Amino acid sequence: MGKKISCHFVVFLTCSSLLCVLKVAVAGRVVPLLQGYEKGSYGYSRSFNNIFDTSNYGTVQLNNGLARTPQMGWNSWNFFACNINETVIKETADALISTGLAKLGYVYVNIDDCWCSIRDLKGQLVPDSKTFPSGIKALADYVHGKGLKLGIYSDAGAFTCQVRPGSLFHEKDDAELFASWFIKYHRNKWALKLVGHSLHCPIPGKGVDYLKYDNCFNLGIKPKERYPPMRDALNETGRTIFYAICEWGVDDPALWADKVGNSWRTTDDINDSWASMTTIADLNDKWASYAGPGGWNDPDMLEVGNGGMTYHEYRAHFSIWALMKAPLLIGCDVRNMTAETIEILTNEEVIAVNQGEVHPLSVGLLGAWGVFHFVEGRKVYSSGTDGCLQVWAGPLSGHRIVVAFWNRCSKAATITAGWDALGLESSTSVSVRDLWQHKDVVEDAVASFGARVDAHDCQIFVFTVHSAYHSEI
Ligand code: GLA
């Protein structure tokens, strides 16, 4: 007992605990995402705020302090499906580090379906002993030891989609189990100084971790009833865990899930094809005005590097996912990537479109909800047969706009963005940077900008708006 009290006392004094307490105290109100873009000012036209409408973004988010930007990392499902084991997960963690992907922000290592075999007589989920013989706690320690975060998977139903035990009606037990894997036992050096001997104190593991919560075998119970109990159970553990809702968009989660999870799948599963990827982008686009820091639309994980699409198609997939502020969860085998796959996934300028440039003061104590603009980009213009020549765009911080020219036709074509489609006055001047060529291409474009785009390719630019009035807001 004495040991326990001094342990808690010491832990309380450590910086990590202090930050944790402050993090939970973050206020629930969300700042308007387009603050600073007053109508008709700085070269923006009156339609700017309508084109990039954010009025449906929740006034109170789940607010667990997470997901201020979309989650980035890796997930096992798209490439491995059920062929996973602890070696694959460890080697993936190693590869995220050695390829430099982790440094770019890909920090979640998410195990999908098939890690669990049974629920035991005590009611506890048991990892598959053949594939995860050391257990998930050991894996969490390994992943945390690399400075990464571990994600786990379960289902808001009787079984997972691969017919492993689900968590419906077991939320409390399962949340406690997941949280227990993320506790680190530390030789606390402050304890050594203060009480003269070292203690093995439970302290929160580095960073936060993740639960993807699926929708199979749901017994016909509405998602709105099945997803909140796991949110509450996770909260009760005292551990901050990213909660990724995966109900496939069946009950329009953008309309309610912002108070339940940190992200919500808006569509059925992606597969590694152009048809699937484009269909999913369009379905997700519908919900652009609902997303923002704390809760993101999730059009499913990346297929980049899995072989079913061309280099240009994967480049388009990555560009549009970044612009839509989608989670960037790699779905290929990161231990064996081609140079092209690495080039796409490591494009820092495209990643910055997704992750924004967080002002140093918006991290941590001041304004955890950000003093930066964070709006999901969307399709703003289309022309050509079936609207296959498309312009997608979204506001960025610092009077910049990301603009993607996406050629979904079968032949190369010129795509042009007129300033009216972007919510700019026609006299506004912008400079244009190409994020795939990593080059400034135009200094002073006025009224419109066009470029030749190959079939199924996507060029992505950042426009920097030069005020028509020279009056900074
Ligand atoms: C569902 C999900 C997928 C994946 C599989 C696993 O289909 O939508 O993302 O998790 O289950 O079985």
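Presented here is a report on the structure given in the accompanying data block. (Residues numbered from 1 in each chain as written. Predicted model: local features only at pLDDT ≥ 70, side-chain atom pairs only at ≥ 80, totals over all residues. Heavy atoms only, no water.)

Description of the site of the ligand
Inspection of the region around the ligand gives W77, D112, D113, Y153, C161, Q162, K212, D214, C246, W248, R265 and D269 as its neighbouring residues. Contact distances for the ligand include 3.3 Å between an oxygen atom and a side-chain N or O atom of R265. In the complex, the protein chains occlude 95% of the 310 Å² of accessible area that the ligand would expose alone. (Near = heavy atom within 4 Å. Polar contact = N/O pair within 3.5 Å; in protein donor to acceptor, adjacent residues only side chain to side chain. Areas by Shrake-Rupley, 256 points an atom, 1.4 Å probe, with all protein chains shown as cover.)

Focus: the pattern of salt bridges
In the structure shown here, the tally under the stated rule is 20 salt bridges. A salt bridge links E176 to K172, with the nearest nitrogen and oxygen atoms 3.4 Å apart. Here E176 and its partner K172 are both found in helix 7 (residues 171-181), 4 residues apart, which amounts to about one turn of the helix. The partner of K259 in a salt bridge is D258, with the nearest N and O atoms 3.6 Å apart. Here D258 falls in the buried class, since its relative accessible area comes to 6%. When salt bridges with common partners are traced through the structure, they connect E91, D333 and R335 into a single cluster. (Salt bridge = Lys/Arg side-chain N within 4 Å of Asp/Glu carboxyl O. Helix = DSSP H or I, 4+ residues; strand = E, 2+ residues; numbered from the N terminus. Buried < 20%, exposed > 50% of the residue type's maximum accessible area, 1.4 Å probe, protein only.)

What about the state of the cysteines?
Counted according to the given criterion, the structure contains 3 disulfides. The side chain of C82 participates in a disulfide bridge whose partner is C114; the two sulfur atoms lie 1.7 Å from each other. Remark: C114 occurs in the loop between strand 2 (108-110) and strand 3 (116-119) and C82 occurs in the loop between helix 4 (77-80) and helix 5 (86-98); sequence separation between them is 32 residues. Regarding the disulfides, the chain carries the connectivity 1-2, 3-4, 5-6 under sequence-order numbering of its bonded cysteines. (Disulfide = S-S within 2.5 Å.)

Re empty space enclosed by the protein
The gaps left among the atoms become clear once a water-sized probe is rolled over them. Throughout the structure, instances matching the rule amount to 3 cavities of 30 Å³ or more. Looking at the largest cavity, its volume works out to about 60 Å³. Together, N75, N110, Y210, K212, A244, I245, C246, R265, D298, D300, M301 and L329 line the largest cavity. For the lining of the largest cavity, the secondary-structure elements that each account for two or more residues are strand 8 (209-214) and strand 9 (241-245). Each residue belonging to the lining of the largest cavity can be placed in one class, and the counts come to 6 nonpolar, 2 polar and 4 charged. (1 Å grid on protein atoms, 1.4 Å probe; cavity = no way out; pocket = protein on both sides within 12 Å on 5 of 7 lines; lining within 4 Å. Points joined across faces, edges and corners; volume = space filled by probe spheres on them. Nonpolar A, V, L, I, M, F, W, Y, C, P; charged D, E, K, R; others polar.)

Observations regarding the sheet that holds strand 20 (residues 458-466)
If you trace the 6 strands from one edge of the open sheet to the other, you get 13-14-15-20-17-18, paired in antiparallel fashion. With one partner strand each, in any of the chains shown, strand 13 (378-383) and strand 18 (439-446) form the two edges of the open sheet. Neighbouring strand axes in the sheet, compared pairwise and without regard to direction, differ in orientation by 25° on average. Pairing between strand 13 and strand 14 (residues 389-396): 5 bridges, direction antiparallel. Note that in strand 14 the partner of S382 across the bridge is Q390. Relative to the sheet, helix 10 (residues 274-285) contacts strand 13, strand 14 and strand 15 (400-407), its axis offset from that of strand 15 by approximately 140°. (Pairing = 2+ DSSP bridges. Axes fitted to C-alpha atoms, helices over the stretch in contact; angles between N-to-C directions. Contact = heavy atoms within 4.5 Å.)

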